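So the chains spell out like this:
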Amino acid sequence: MAKISIITINYNDKIGLDKTINSIVNQMYTDFEFLIIDGGSTDGSTAVIEQNASKINYWISEKDSGVYNAQNKGIKAATGEFVIFMNSGDTFVDNHVLANVAGDLTNEFDIYYGDNYKIKADRSKRLKTYSEKLSFSFFYGSCINHQSTFIRRNLFDRFFYYSEDLKIVSDWEFFIYAICKENVPYKYLAKTIANYDFTGISSLDKYKNKVIEERLSVMQKYFPAFVDDYVQVSQLNSKRVQQVLHIQKHPNAWKILKVIISIVLVFIPKIKK
């Protein structure tokens, strides 16, 4: 079976780190290495790491330039065939996850991904499931999840490490490039892997424009012919358009909206075909 490297990054999240460590070290399957990259925490996180040092294969605590810089440090230190990121606050859904997945990780595929629970700040959770086929259009508005994805370690050497100039979408950049441009073989595990702490920067509404901006820069870099399509799809996925589509499901409300639209169209130039 393939050796797995579990990489945890942390910065001043002692409580989340303790929870993540417990989830990892209590896995029934033990043929994995555990790495913690701490960003120089001052909240007592290093004490938590030291208390569990005998169960951790590698750890450092030093300043970094951000999440992706820390993850790159973890990748470079990892020796496993596959890596998975389980960051502070994230946990495996139970103690049998690695035992249930280890036999699936073969030489046939380079990326194996499963489902996850998104855990919000109020502790409510929602199961996020994925399709067996990851189309180009899927990546327009979504991405597979770090905490439920096993990535062949040498892909980072073959292609590139996470772009540290991007603040939010470097993992999305890596996945869309590897899968849609390099056509690496991937497989959906159809298993729930992780509880994902859905309170990070990428999940906050105020950063949605930043996400769109960074994704657009990635599209311009690797897929310039599809930039216009990406912009249009982003607009279609906007909250306002989704509200219109929701109204369309209600006949009476839709009739009223169509009348309003017809009136507004009288006062603006016609749509060019």
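Residues numbered from 1 in each chain as written. Predicted model: local features only at pLDDT ≥ 70, side-chain atom pairs only at ≥ 80, totals over all residues. Heavy atoms only, no water.

What is the right way to read the confidence of the model for the protein from this model?
Chain-level pLDDT for the protein is 89 on average; 92% of the residues reach the 70-or-more range. Put simply, helix α9 (residues 227-236) is where the protein has its lowest mean pLDDT, 69, and strand β8 (residues 149-152) is where it has its highest, 98. (pLDDT = per-residue confidence, 0-100. Helix = DSSP H or I, 4+ residues; strand = E, 2+ residues; numbered from the N terminus.)

Got a minute to help me understand the packing of helix α7 (residues 170-181) against helix α8 (residues 208-222) in this structure?
The description of two helices packed together rests on the angle between their axes and the distance between the axes. Interhelical geometry of α7 versus α8 gives an angle of 30 degrees and a closest axis separation of 10 Å. By crossing handedness, the relation of α7 to α8 is classed as right-handed. Facing W172, E173, I176, Y177 and K181 of α7, the residues of α8 in contact are R215, V218, M219, K221 and Y222. Tallied by class, residues from the contact of α7 with α8 come to six nonpolar, no polar and four charged. (Axes fitted to C-alpha atoms, helices over the stretch in contact; angles between N-to-C directions. Left-handed = near helix turned anticlockwise from the far one by under 90°. Contact = heavy atoms within 4.5 Å. Nonpolar A, V, L, I, M, F, W, Y, C, P; charged D, E, K, R; others polar.)

For this particular structure, what's the right way to read unusual backbone geometry?
Glycine aside, residues mostly have negative phi angles, and peptide bonds mostly take the trans form. Positive phi, normally seen in glycine, also occurs at N183, with a value near 55 degrees. Its location among the elements puts N183 in the loop between α7 and β9 (186-197). By relative accessible area, N183 is classed as exposed at 57%. The phi dihedral of A190 falls on the positive side, at around 55 degrees, and the residue is not glycine. Along the chain, the position of A190 falls in strand β9. (Buried < 20%, exposed > 50% of the residue type's maximum accessible area, 1.4 Å probe, protein only.)

What is the right way to read the pairing of strand β1 (residues 4-10) from this model?
For a regular strand, side chains alternate in direction, first toward one face of the sheet and then toward the other. Counting buried positions along β1 gives seven out of seven residues, so the element sits mostly inside the fold. Burial along β1 is two-sided: I4, I6, T8 and N10 facing one way and S5, I7 and I9 facing the other are all buried. In terms of handedness, the path from β1 via helix α1 (residues 14-25) over to strand β2 (residues 32-38) forms a crossover that is right-handed. Inspection of the sheet shows β1 paired to strand β4 (residues 82-85) by four bridges, in the parallel sense. When the sheet's bridge partners are listed, I4 is paired in β4 with F82. (Right-handed = clockwise from strand over helix to strand, strands pointing away. Pairing = 2+ DSSP bridges.)

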